[in-house]
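Observations on chain architecture
What follows is the residue order along each chain.
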Amino acid sequence: MEAKNYSEEIFENLKHINEYGQEFWYARELQPALEYSQWRRFADAIERAKIACEKSGHKVADHFAGAGKMVNVGSGAKRIVDDFALSRYACYLIVMNGDPRKEIIALGQTYFAVKTRQQELIEDYERLSEEQKRIAIRNEMKRHNSALAEAAHGAGVSKPLDYAIFQNYGYMGLYNGLKAKDIKERKGLSNNQDILDYMGSTELAANLFRATQTEEKLRREHIQGKTEANKTHYEVGKKVRQTIAELGGTMPEDLPTPDKSVRQLEKEHEQKVLTKDNEN
């Protein structure tokens, strides 16, 4: 069978913009792009995504808007069929409920996950300074690393040494084979310095994506066993690295190491706040 060359442009080309400047996708257009031959099966995926949407605390109607679509049924006759105007988040939930063995589904998971993550970040993110971005993403990383540890534990990674090995597999995928100690050596860090505290915002964002997607994959696919968990973390890290390469970005190991740690920046920020309060 001839291999297909997939590109994220598939999803970009299907994107619509409404009168309020909001992005959306039509389910009937997304169905063939995601290689669902039958609307019935795609509708099932939509229903599962609606349930996930509701359970996550979002209003289903805000993300799955009903819409009728006029189609030809032969001999010049037309009829209206069910359709949905889907938000980016709705598309994300749909592909997360799809078959990850399909290359196009895997690409859709990456595309909509990246876009959804960007949307979830602070609305004024681009206005933040590099230091503020580092603090914001590092705090996100702390929360998601806890969730990742919980998901890994559920998969059978229970001992501290096992978790350290599990983390190394994620780094090796993202950093082209480098383990935590190798990254520290490359960055000129000592053993007791936290790698994540000495990353710029771009590198932190790549690691945040690695952590969130590994956690979701472990839970979604009910992965069990240390070997499978390690393999999953490595593959996700490698996929993030591949995405960076495709976008023409700098590989994480080649990004500069900031002079100050995130902890130093937080202490300086706290000191400024205290000084300002005392002056008032």
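Note that residues are indexed from 1 along each chain, following the sequence as it is written. At least 70 in pLDDT is required for a residue's local features to be given in this predicted model, at least 80 for side-chain atom pairs to be given and counted, and no such filter applies to totals for whole chains, interfaces and linings, which use all residues. Only hydrogens and water are set aside; all other atoms, that is, all heavy atoms of the structure, feed into the side-chain values.

1. Re the overall build of the chain
Each helix corresponds to a stretch of at least 4 residues labelled H or I by DSSP, and each strand to a stretch of at least 2 residues labelled E; elements are numbered beginning at the N terminus. Scanning the chain from terminus to terminus reveals 12 helices and four strands. We call a residue buried when its accessible area falls under 20% of the maximum for its residue type, exposed when it is over 50%, and partly exposed in between, using a 1.4 Å probe and counting protein chains only. The proportion of buried residues among the 280 residues of the chain is 43%. The contact definition used throughout considers only heavy atoms, calling two residues in contact when any of these lie within 4.5 Å. Across the chain, the fraction of contacts at a sequence separation of at least 24, relative to all contacts at a separation of at least 6, is 62%. In short, Shrake-Rupley with a 1.4 Å probe defines the accessible areas, and a residue's cover is counted only from the protein chains shown. Accessible surface for the chain amounts to roughly 16,400 Å². Of this, 48% is attributable to carbon and sulfur atoms.

2. A short note on the confidence of the model for the chain
Each residue gets a pLDDT score, which is the predictor's confidence in that residue and runs from 0 to 100. Taken as a whole, the chain shows an average pLDDT of 84; of its residues, 84% reach a score of 70 or greater. Element-level pLDDT for the chain is lowest in strand S3 (residues 64–74), with a mean of 65, against a maximum mean of 96 in helix H8 (residues 160–174).

3. Observations concerning the pairing of strand S2 (residues 23–26)
Direction of pairing for strand S1 (residues 16–17) relative to S2: antiparallel, over a ladder of two bridges. The residue bridging Ile 17 from the neighbouring strand is Glu 23, located in S2. Pairing between two strands requires that DSSP report at least two bridges joining them.

4. Quick word on the environment of Gly 200
Residue position: Gly 200 is located in the loop between helix H9 (180–187) and helix H10 (201–220). For the pair Gly 200 and Ser 261, spaced 61 residues apart in the sequence, the C-alpha separation amounts to 9.5 Å. Those residues in contact with Gly 200, other than ones at most four positions away along the chain, are Glu 130, Arg 134 and Pro 258.

5. Side note on the side chain of Gln 167
Its place among the elements puts Gln 167 in helix H8. Of the residues examined, Gln 167 reaches a relative accessible area of 14% and is grouped as buried. Dropping the residues within four chain positions of it, Gln 167 is found in contact with Asn 145, Leu 148, Arg 210 and His 233.

6. Describing the pattern of salt bridges
A pair is scored as a salt bridge if a Lys or Arg side-chain nitrogen falls within 4 Å of a carboxyl oxygen belonging to Asp or Glu. In this structure the tally under the stated criterion is 18 salt bridges. Salt-bridge contacts for Glu 221 lead to Arg 220; the nearest nitrogen and oxygen are separated by 3.8 Å. For Glu 221, a relative accessible area of 31% gives the class partly exposed. Within the structure, one salt-bridge network assembled from shared partners comprises Glu 12, Lys 15, Glu 23 and Arg 88.

7. Here's the deal with the packing of helix H7 (residues 130–155) against H10
Under this scheme, a helix contributes an axis fitted over its contacting stretch, all axes are lines through C-alpha atoms, and angles between N-to-C directions fall in the 0 to 180 degree range. Running from N to C, H7 and H10 cross one another at 20°; their axes reach a closest spacing of 8 Å. Between H7 and H10, the crossing angle belongs to the class labelled roughly parallel. Both H7 and H10 take part in a crossing whose hand is left-handed. Any residue that is not Ala, Val, Leu, Ile, Met, Phe, Trp, Tyr, Cys, Pro, Asp, Glu, Lys or Arg is counted as polar, Gly included; the first ten are nonpolar and the last four charged. Residue composition of the contact of H7 with H10, grouped by class: 12 nonpolar, six polar and nine charged. Here is the rule for angles: anything less than 35 degrees is roughly parallel, anything more than 145 is roughly antiparallel, 65 through 115 is roughly perpendicular, and the remaining ranges are oblique. Each crossing is labelled by how the near helix is turned from the far one, with a counterclockwise turn of less than a right angle marking it left-handed and a clockwise turn marking it right-handed.

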